[in-house]
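Topology and contacts: notes
Chain by chain, the residues run as shown.
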Amino acid sequence: MTAAVTTGQLYRDLAPDMKVRDRRLRVVEVGNARARLVVEHDLAGQHGKTTYASVVRLASRAFELLEDTIDEDPHYLTVLAAISAVHHPDASPADYTRAALHAIRNTPA
């Protein structure tokens with residue numbers, strides 16, 4: 001399963017010619033089929049340039065997700081901890097769902 005492409009994410013372009021340049025792109029807008037990106041780092045000096053990429057391609061192995069905005073959401077860590085607490089070989093999807101809902105409902109906004 002791949003992460004959904006969302007505004008704020010940072011990707012590394014893994015194309016052979018771009019990988020050498022360590023080209024990193026920040027998602028600034030997501031449409032139905034493509035995303036607008038800003039080059040944050042490029043050893044070839046292209047930083048600051050706006051470019052576009054297919055949302056499907058961004059979510060593929062052609063790019064590496066370096067930063068995801070969901071990681072900064074305080075609810076993310078709360079839900080992750082709750083799910084981890086109930087995780088065991090016999091855990092059911094309902095166990096995980098209950099833990100996540102309980103964590104969300106009992107966490108201040």
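Residues numbered from 1 in each chain as written. Predicted model: local features only at pLDDT ≥ 70, side-chain atom pairs only at ≥ 80, totals over all residues. Heavy atoms only, no water.

Grouped together as the largest cluster of nonpolar side chains are twelve residues: Val 5, Tyr 11, Leu 25, Val 27, Ala 35, Leu 37, Val 39, Ala 53, Val 55, Leu 58, Ala 62 and Phe 63. Taken together, the elements giving at least two residues each to this core come down to β2 (24–30), β3 (34–41) and α2 (55–58). The leading source of residues in this core is β3, at three residues. When neighbours within four sequence positions are excluded, Ala 62 is seen to be in contact with Arg 12, Asp 13, Leu 14, Ala 15 and Arg 57. (Core = buried A, V, L, I, M, F, W, Y, C linked by side-chain atoms within 4.5 Å. Buried < 20%, exposed > 50% of the residue type's maximum accessible area, 1.4 Å probe, protein only. Helix = DSSP H or I, 4+ residues; strand = E, 2+ residues; numbered from the N terminus. Contact = heavy atoms within 4.5 Å.)

So, about the packing of aromatic side chains. Summed over all chains, the structure comprises one aromatic pair. Here Tyr 11 and Phe 63 contribute two aromatic rings whose centre-to-centre distance is 6.3 Å and whose plane-to-plane angle is 85°, an arrangement assigned as edge-to-face. Taken together, the residues span a long stretch of sequence, with Tyr 11 in strand β1 (residues 10–13) and Phe 63 in strand β5 (residues 63–67) at a distance of 52 residues. Taking the relative accessible area as the measure of exposure, Tyr 11 reaches 3% and is therefore buried. (Phe/Tyr/Trp six-rings, centres within 6.5 Å; stacked < 30°, edge-to-face > 60°.)

Here the focus is the packing of helix α3 (residues 74–86) against helix α4 (residues 93–105). At their nearest, the axes of α3 and α4 sit 8 Å apart, and the two run at 140° to each other. In terms of their interaxial angle, α3 and α4 are classed as oblique. As α3 packs across α4, the resulting crossing turns out to be right-handed. The residues of α4 that touch α3, namely those facing Thr 78, Val 79, Ala 82, Ile 83 and Val 86, are Asp 95, Tyr 96, Ala 99, Ala 100, Ala 103 and Ile 104. Classifying every residue of the contact of α3 with α4 by side-chain character gives nine nonpolar, one polar and one charged. (Axes fitted to C-alpha atoms, helices over the stretch in contact; angles between N-to-C directions. Parallel < 35°, antiparallel > 145°, perpendicular 65-115°, else oblique. Left-handed = near helix turned anticlockwise from the far one by under 90°. Nonpolar A, V, L, I, M, F, W, Y, C, P; charged D, E, K, R; others polar.)

Okay, a nonpolar patch on the surface next. Together, Ile 70, Tyr 76, Leu 77 and Leu 80 line one region of the surface with nonpolar side chains, adding up to about 340 Å² of accessible area. Its location among the elements puts Tyr 76 in helix α3. Residue class for Tyr 76 comes out partly exposed when judged on its relative accessible area of 30%. (Patch = residues over 30% accessible without salt bridge, like charges linked within 9 Å, V, L, I, M, F, W, Y side chains within 5 Å. Areas by Shrake-Rupley, 256 points an atom, 1.4 Å probe, with all protein chains shown as cover. Salt bridge = Lys/Arg side-chain N within 4 Å of Asp/Glu carboxyl O.)

A word on the environment of Ser 54. With respect to the helices, strands and loops of the structure, Ser 54 is situated in strand β4 (residues 50–54). Between the C-alpha atom of Ser 54 and that of Ala 99, which follows or precedes it by 45 residues, the distance is 35 Å. Discounting residues that sit within four places of it in the chain, Ser 54 has contacts with Ala 33 and Arg 34.

Right, let's get into the sheet that holds β2. Spatially, β4-β3-β2-β1-β5 is the arrangement adopted by the five strands of the open sheet, whose pairing is antiparallel. At either end of the open sheet lies a strand with only one pairing partner, and these are β4 and β5. Direction aside, neighbouring strands of the sheet carry axes that sit 40° apart on average. Pairing analysis gives four bridges linking β1 to β5, with the strands arranged antiparallel. (Pairing = 2+ DSSP bridges.)

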